[in-house]
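Chains, contacts and geometry: an overview
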Amino acid sequence: MARNVLRRGWRPALVLILLIIIWETASKLFEVPEWILPPPTSIGQETIIGWSDYNHHLWATIQLSVIGFVIGSSVGILVAICLHLVPVLREAIYPLLIISQNIPIIILAPLLVVWFGFGILPKLIVITLVCFFPITIATLDGFRQTSRELHHYMLMAGANKRQIFFKLEWPHALPSLFSGLKIAATYSVMGAVISEWLGASEGIGYYMTLASSSFRTDRVFVAILFIVTLSLLFFGLLSFVERKVVKASAQEDE
Amino acid sequence: MARNVLRRGWRPALVLILLIIIWETASKLFEVPEWILPPPTSIGQETIIGWSDYNHHLWATIQLSVIGFVIGSSVGILVAICLHLVPVLREAIYPLLIISQNIPIIILAPLLVVWFGFGILPKLIVITLVCFFPITIATLDGFRQTSRELHHYMLMAGANKRQIFFKLEWPHALPSLFSGLKIAATYSVMGAVISEWLGASEGIGYYMTLASSSFRTDRVFVAILFIVTLSLLFFGLLSFVERKVVKASAQEDE
Amino acid sequence: NDSEQGKEEKSADKALKEVSVVLDWTPNTNHTGLYVAKEKGYFEEQGLDVDIKMPGEAGADQLVASGKADFGVSYQEGITEARVQDIPIVSIAAVIQHNTSGFASPKEKDITEPKDFEGKTYGGWGAPLEKAVISSLMKQDDANVEKVDIVNMGDTDFFTAVERDIDFAWIFYGWTGVEAELRNEEINMVYLTDYTEKLDYYTPVLATNETMIEEDPDTIKQFLAAVTKGYELAIENPDEAAEILIQAEPDLDADLVKASQKWLADKYQDDAARWGEQKLEVWKNYSTWMYDNDLLDKPLDSEKAFTNEFLPNN
Amino acid sequence: MGKLDVQNVSKSFGNHQVLQQLSFSVQDGEFVSILGPSGSGKSTLFNIIGGITAPDTGAIYLNGQDISGLCGNISYMPQAASLFPWRTVLQNVLLGEEIVHGKTDEEEAREMIAKAGLQGYEQAYPHELSGGMKQRVSFLRSMKSPQSMICLDEPFSALDEFTRAEMQKWLLSIWEKHRRSILFVTHNIEEALFLSDRILVLSNKPARIQRELVIPFERPREEELVLSKSFLDYKKQLYYELRE
Amino acid sequence: MGKLDVQNVSKSFGNHQVLQQLSFSVQDGEFVSILGPSGSGKSTLFNIIGGITAPDTGAIYLNGQDISGLCGNISYMPQAASLFPWRTVLQNVLLGEEIVHGKTDEEEAREMIAKAGLQGYEQAYPHELSGGMKQRVSFLRSMKSPQSMICLDEPFSALDEFTRAEMQKWLLSIWEKHRRSILFVTHNIEEALFLSDRILVLSNKPARIQRELVIPFERPREEELVLSKSFLDYKKQLYYELRE
Ligand SMILES: Nc1ncnc2c1ncn2[C@@H]1O[C@H](COP(=O)(O)OP(=O)(O)OP(=O)(O)O)[C@@H](O)[C@H]1O
Ligand SMILES: Nc1ncnc2c1ncn2[C@@H]1O[C@H](COP(=O)(O)OP(=O)(O)OP(=O)(O)O)[C@@H](O)[C@H]1O
Ligand SMILES: [Mg+2]
Ligand SMILES: [Mg+2]
């Protein structure tokens, strides 16, 4: 496992390091003002110096995004399953899914706060809204594309809907499901940050807006650093789980 | 075609109408103040009355989101192809894709403005960033899941990379590509609206923030109405194109 | 952890009344009085347990109006527009007596009076209000607003905007202006109040909703009593006040808070008899100006928009 | 109990008629083979019996009950192996039983796998198998399914003569023990003769029953039968029948 | 020109050895069949010749050139039809030629389709075909590919005896005209005898060449050959050889 990560990880790491070096030299060379784009060294410095100030924000956001992602993906999978198993529902509700992705946070925020207060609930709703959609769409497509032959076999063998679902459609849709999960994981951290705009008193999003409003660009970038790191972590974790879970088809791939 | 739309469309239409009726009666029943959640009738009224005021905003956003979607999906497909054909690139750049989805607009906006000014370019960049990601991920997964047997045949027959790509991987990935395109189409209108926060003097996003800052909640909802309608339209259009393009596999599905 | 324990103790020893305040956006020196009152225990003395919140995208006015928050930080133009739309919020204190906002530009652009706006590019957020304000100022100088190129710069901040394309923008001197001082960037200011009385409106103000006024006037009184003490401390002792704000919100930039606090100290009360007092004339002037400039659908009933009733009499 | 009646079944795809007024029946415990040219409609017939394709006219009865359009009444081995790529050989073999009963008899499945010459491959995935091995797994799956009526669509086409002969013998021994009814599609005349009680010869485009042949050889049948005179006579007869 | 040399090829999957030191060659224009039990490694051998599986030891030469690991030198018909579901029959048939030449001869393809009994199905998609029809399309695809060496993996296993006989005759006529070299896997002893110049018998686990048999029947071969005494003798010989 560790060796594996090393073997696969060095290339992206190299690219990142290269980018950081270019960024650093560019900001030195063109004398980009720190408040527009601070050089990586300043960001690094602030990351270390400010740790004790912001680490509770970090935990808050991690918690929020993990819970949000778990709920969001459960909802996403559940919705996909329901829509798949009940075609009438699917036709009727599909447009609502799209609508749900097009309600701007600016209008949703006051409504959510007015209805649910400042607690964690409205925040979770926002993350869920962000996360569930790609999962639902991808999983639905996965369900739809099962092999015709295997489906025929299942029918002939007298499988009921539940059996067809669990023995054929679900395992077949797993790769698509993970495709959706990975997209959603990438969004979940930003979703959490956005949800913190719904009145929060801690979290990376909160930290970032404060930093931005007091013109501390370096801190804004520290915040971004963590958002990005978290997303990469989530993504990596999911890819790992994917490799474990979708073992059979992974073998088929090699 | 028209009959087809009618036949498939009545169910979602029914659900929408039902929802609107519930909304209307609820807002009458609980006396929800108009400035929190205006009833559909007020929104409808404002939609009709205000048409001459806002229709140019509508065109601006349609234009922006269509151009943005076209560019965004081209970029998305191109990136997917590059990453697929050059595995080294793929490993190295994949994390950057995720990073690109986690740079908050709040920090991107000033950078884009400093670099590109207030023209259409930074807006298109924002929409592209929003759109390309789901397309790239979905398409990549589509490329990866080609049938082992057909791939073997192509290799045996002496197909070069280009042939394998065009004759096998591309047609095979089409359904996944469309899955990504549909997700992206759903996001593109919101992407355009968000990009209008980067300084615009027309567009639905602009209209909405103005309405919101002068407490014209009904107008905010008119804006949402159009955002939603546009998204549904885009989505529908893509589903239609999908059915035409992925003809063979659609036949296999029926 | 400490503050949590503190909270528990507080609610344990006496039943404090829970009250919430939403800020207009991120915490800044406009809000110092609130933080001082909270940290110094002035609220507690009045029997209140105050929770200060950032509204984020939710927007303070709607939250106050709907009763989700008891008090909020708002602006006169916001309350004016809101009341015209029948949103029941009322201003109960002016945080700063005079309008400290104005049009700022980097020194080298050489914009020192409204006349100089001609041929320049203004970066705003796209509200019709802006054009009306600029027009009003320029009329005093016999200049023509049509010669100004007005660009919507969205969320972009002043410093970023003037790097490119934009020549001048509308800022609060107490925050952005002070930041410019700290950065040693020389800027020219054209204050609204220097050119027309009508634009000397209150910004920001504290607000509550009509239900609160009807049903719980005592709480408002208690709240304002504590807040007044808070702002008075900020007036007398800006350094200590700044320290308190920084303690409460360590993520703010300390230098900026200190400098800004110093600059604002004598602007809170200024020439008024007591902190927070509002004049009918100011409300009338501004709403009339707005109405005349087609910024309101109907005239405002100014008397109902604000009240001095709950301010402590000293 | 498994008595199948196919009555007046017709089927067209577009304006291309595949089956025309097909009627026949399989008695309880009978072994019936179908011979017919490629593309004549044998797999289509199976799909109709299995309930996943609706006939244009006619009906299917099992033990007197109309099962047209009803699935799950027959144990079925499709022409293409149709194994589940994410299931091991053992899991694939158990699938049919799993669907009908919920529970499975793993011990018996292991024995059957060994008998089919696949010992050691219980935990292998389908992509690790050769073509003939896949076909045997698919065959085992259908034998392990508990329905009393079995439809086999060219079950041994990918096997060499010896493996084929062994599977045939084994099939017969199972069938003689449990007396399930079998409907068997093959292109191999000898195979049909060796196994069946009765052979149906289908004509081409549209498929009708061109000939019905009762095979009187007594059971159990020995391998030597294949070399007997009457066997060769039947073979010739079928050969010419098919040629027409 | 197509002279194939397989030299000392071994292959294991895990610790299960499939091919052991296999060596043989196919002369230019020769027709060589491979007989062997199911799972013995015939398809694996084809994959190695085709260049998509690397042998553990040994090498493959075509006309003296080492082609181990190089693809595209042989025209290949896989054991499973492997048709492209989004291509029509005609497009599938043209695929092999398309890959090698870029341009295609549609007229000839149509003729071939008609000869294979698939007239009227040019524009059909694979899912509309029967099993045997798919196999024929796959066969046509490999015949239409221009390489001088053709590897066919059980090309007629899903066909009835008559269609099979026709395809055999047709294959021979094409082969006699163009004299491409053919390596042919089958489970049907008669088919191997009827078609081949030489037959290789593979042993099982691990596969070695157990026997090599030169078939001396003169060409062109007539159908009656099958009934001749010497044919039957050869058949018996092979039968016992395989049994071992
Ligand atoms: N889904 C379909 N759409 C159109 N035509 C079809 C479809 N399925 C089968 N056919 C046609 O029906 C005919 C019979 O097909 P079927 O698969 O039943 O043949 P078969 O007897 O099983 O042949 P084989 O021995 O080659 O497997 C063929 O001509 C085929 O083209
Ligand atoms: N990818 C693989 N992984 C592991 N084992 C494999 C793999 N491919 C083939 N095998 C094994 O190699 C052996 C030979 O397989 P192959 O497909 O070459 O047999 P074959 O001679 O073509 O048999 P058939 O006549 O049944 O098609 C089998 O035992 C099979 O299990
Ligand atoms: Mg068939
Ligand atoms: Mg094989």
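Quantities reported herein were computed from a predicted structural model and do not represent experimental measurements.

The immediate surroundings of ligand 2 are formed by 20 residues, with D:Ser130, D:Gly132, E:Lys42, E:Ser43 and E:Thr44 found nearest. Proximal residues around ligand 2 fall on chains D and E, making this an inter-chain site. One of the backbone nitrogen or oxygen atoms of E:Gly41 is found 2.8 Å away from an oxygen atom of ligand 2. Classifying every residue of the shell around ligand 2 gives 4 nonpolar, 13 polar and 3 charged.

Residues and elements named next belong to chain E. Around the magnesium ion (ligand 4), the protein supplies Ser43 (OG) and Gln79 (OE1) as donor atoms, at distances of 2.0 to 2.1 Å. One end of the pair, Ser43, is in helix H1 (residues 42-50); the other, Gln79, is in the loop between strand S6 (75-77) and helix H2 (89-101), and 36 residues separate them in sequence. Classification of Gln79 as partly exposed rests on a relative accessible area of 22%.

Time to look at the sheet that holds strand S1 (residues 17-22) of chain C. Residues and elements named next belong to chain C. Taken in spatial order, the 5 strands line up as S2-S1-S3-S10-S4 in an open sheet, and their pairing is mixed. Strands with a single pairing partner mark the edges of an open sheet, and in this sheet they are strand S2 (48-53) and strand S4 (89-94). Each strand axis lies, on average, 30 degrees off the axis of its neighbour in the sheet, ignoring direction. In this sheet, strand S10 (residues 205-209) lies alongside strand S3 (residues 71-74) in antiparallel orientation, the contact comprising 4 bridges. Bridged to Val73 within S10 is Leu206.

What follows is about the interface of chain B and chain A. Across the boundary between the two partners, chain B contributes 56 residues, which contact 57 residues of chain A. Summed over both partners, the interface of chain B with chain A comes to about 5300 Å²; 72% of that surface belongs to carbon and sulfur atoms. Linking chain B with chain A are 2 salt bridges, by the criterion used here. B:Arg144 is the partner of A:Glu242 in a salt bridge, and the nearest nitrogen-oxygen pair spans 3.7 Å. One can count 6 residue pairs in polar contact (both at pLDDT 80 or more) joining chain B with chain A. Looking at the side of chain B that touches chain A, the elements with two or more residues in it are helix H1 (2-29), helix H4 (87-100), helix H5 (105-116), helix H6 (121-144), helix H8 (161-195), helix H9 (204-213), helix H10 (217-245) and helix H11 (247-253) of chain B. Here the side of chain B that touches chain A takes 10 residues from H10(B), the largest share from any one element. Classifying every residue of the side of chain B that touches chain A gives 37 nonpolar, 9 polar and 10 charged.

Right, let's get into the UniProt feature "transmembrane region" (unreviewed entry) in chain A. Residues and elements named next belong to chain A. As recorded in UniProt, the feature "transmembrane region" (unreviewed entry) lies at residues 62-86, 93-118, 124-143, 177-200 and 220-241. Summarising residues 62-86: 96% helix, 0% strand, and an end-to-end C-alpha distance of 35 Å. Helix makes up 100% of residues 124-143 and strand makes up 0%, while its end C-alpha atoms are separated by 27 Å.

Definitions and limits used
Residues numbered from 1 in each chain as written. Chains lettered and ligands numbered in written order. Predicted model: local features only at pLDDT ≥ 70, side-chain atom pairs only at ≥ 80, totals over all residues. Heavy atoms only, no water. Near = heavy atom within 4 Å. Polar contact = N/O pair within 3.5 Å; in protein donor to acceptor, adjacent residues only side chain to side chain. Nonpolar A, V, L, I, M, F, W, Y, C, P; charged D, E, K, R; others polar. Donors = N, O, S within 2.8 Å, 3.2 Å for Na, K, Ca; no water. Helix = DSSP H or I, 4+ residues; strand = E, 2+ residues; numbered from the N terminus. Buried < 20%, exposed > 50% of the residue type's maximum accessible area, 1.4 Å probe, protein only. Pairing = 2+ DSSP bridges. Axes fitted to C-alpha atoms, helices over the stretch in contact; angles between N-to-C directions. Contact = heavy atoms within 4.5 Å. Buried area = accessible area lost by both parts, 1.4 Å probe. Salt bridge = Lys/Arg side-chain N within 4 Å of Asp/Glu carboxyl O. UniProt positions renumbered as here; feature names shortened; annotations may be inferred.

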